[in-house]
Amino acid sequence: MKLKFLGTGTSQGVPVIGCTCEVCISENPKDKRLRSSVMVTTEENKKILIDCGPDFRQQMLTNHEHTVDIALITHEHNDHVIGLDDMRPLIFKSGKDVPLYCYSRVAHEIKNRFPYAFADVRYPGAPAFELHEIENKPFHVLDTEITPVEVIHYKISVFGYKFKKLAYITDAGFISDTEKEKLKNLDVLILNCIRKFDPHPAHFILPDVIKLFEELKPKKLFLTHISHHLGLHDIEDKQLPSGMHLAYDGLEIIF
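Residues numbered from 1 in each chain as written. Predicted model: local features only at pLDDT ≥ 70, side-chain atom pairs only at ≥ 80, totals over all residues. Heavy atoms only, no water.

Enquirer: Explain helix α4 (residues 104-113) here, please?
Expert: Helical geometry note: an α-helix holds 3.6 residues per turn, so side chains three or four residues apart project in the same direction. All of the buried residues along α4 are Val106, Ala107 and Ile110. Here the buried residues of α4 occupy an arc of 105° about the axis, which is enough to place them on one side. In the core, the buried residues of α4 are packed alongside β5 (98-102) and β6 (129-133). (Buried < 20%, exposed > 50% of the residue type's maximum accessible area, 1.4 Å probe, protein only. Helix = DSSP H or I, 4+ residues; strand = E, 2+ residues; numbered from the N terminus. Arc of directions from axis to C-beta. Contact = heavy atoms within 4.5 Å.)

What follows is the structure in structure tokens.
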């Protein structure tokens, strides 16, 4: 299987509008981060999208991706769902509704934000989705076992997703001991890391991620959901502990 980072930035992306810090004015492509999302390609070449934010159209075009077989949604914040309308060309081409897998709470929010996609009589050109409400237990789809990992983002529950020995977690500030058990003995762990310093009420910062790396001991850990406050990619990546890396848009991982 393969995972590709379509975006590794926070809700504002990098560069941030109007900011002239050294990260935002950097010409290094690895310092330019679209909103966080990944594409998982299964062994049967099926495409599993995780989150569909405002940069979805650009991400698909840049990465020469042409299909989405299913989408897993971590939570309902706009930087993770607001690009769903841009799935319309894929829906028109396939003639099929796109299946979305998420919490019941998230499904309710998606219906509220895209009511025209769920109308009894849809206008021509509207997107169409199949909503599948999932719980915190493994499920099978596209011949793939997917294990949700429940984490806390400020005061709401968010799903990360585990495939084989890879887990992808974004927008987390706390992981319970029970859920940590799912994250042991991994080849690859992907965790959000918004900045180096100053505790955040909803996101891990670098000392939190280093502590989790030491506790969970994955073979490799990649940081994502990165803000401009974390620093320049090429400098900060070299300063991380061995086995830890900054993800960047377009990076591929085989697992």
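There is more to say, and it comes next.
Enquirer: In this structure, what is going on with the sheet that holds strand β13 (residues 244-246)? I would like to understand it.
Expert: Working definition: the strands of a sheet are paired by backbone hydrogen bonds and lie parallel or antiparallel to each other. Strand order in the open sheet formed by seven strands is β7-β8-β9-β10-β11-β12-β13, and the pairing between neighbours is mixed. If you trace the sheet from one side to the other, it starts and ends with β7 (139-141) and β13, each paired once. Strand-to-strand, the axes of this sheet are offset by a mean angle of 30°, without reference to chain direction. Here seven bridges tie strand β8 (residues 144-153) to strand β9 (residues 156-163), and the two strands are oriented antiparallel to one another. Looking at β9, one finds that Thr147 is bridged to Lys162. (Pairing = 2+ DSSP bridges. Axes fitted to C-alpha atoms, helices over the stretch in contact; angles between N-to-C directions.)

Enquirer: Whenever I open this one, the nonpolar core confuses me. Can you help?
Expert: Nonpolar side chains in soluble globular proteins generally cluster together in the buried interior. Leu72, Met87 and Phe163 are the most contacted members of the largest nonpolar core, which totals 51 residues. Sort the elements by how many residues they give to this core and β5 lands first, with four residues. Residues contacting Phe163, with those up to four places away along its chain left out, are Met1, Val40, Ile48, Ile50, Leu72, Thr144, Glu145, Ile146 and Phe255. With 25 residues, the next largest nonpolar core counts Val158, Leu191, Phe204 and Leu221 among its residues. (Core = buried A, V, L, I, M, F, W, Y, C linked by side-chain atoms within 4.5 Å.)

Enquirer: Would you explain the layout of surface pockets in this entry?
Expert: Sizing a probe to match a water molecule and rolling it over the atoms shows the empty space that remains. Of the pockets and cavities examined, the largest pocket occupies roughly 270 Å³. Looking at the largest pocket, it is lined by 13 residues, and the ones nearest its centre are Val68, Asp69, Ser94, Lys96 and Asp97. Per-element tally for the lining of the largest pocket: the top contributor is helix α3 (residues 88-94), with three residues. Looking at side-chain class alone, the lining of the largest pocket contains four nonpolar, three polar and six charged residues. Space inside the second largest pocket adds up to approximately 230 Å³. Contributing to the lining of the second largest pocket are Phe56, Arg57, Met60, Leu61, His64, Glu65, His66, Asp86, Pro89, Leu90 and Lys93. Put simply, the parts of the chain that give the lining of the second largest pocket at least two residues each are α1 (56-62) and α3. (1 Å grid on protein atoms, 1.4 Å probe; cavity = no way out; pocket = protein on both sides within 12 Å on 5 of 7 lines; lining within 4 Å. Points joined across faces, edges and corners; volume = space filled by probe spheres on them. Nonpolar A, V, L, I, M, F, W, Y, C, P; charged D, E, K, R; others polar.)

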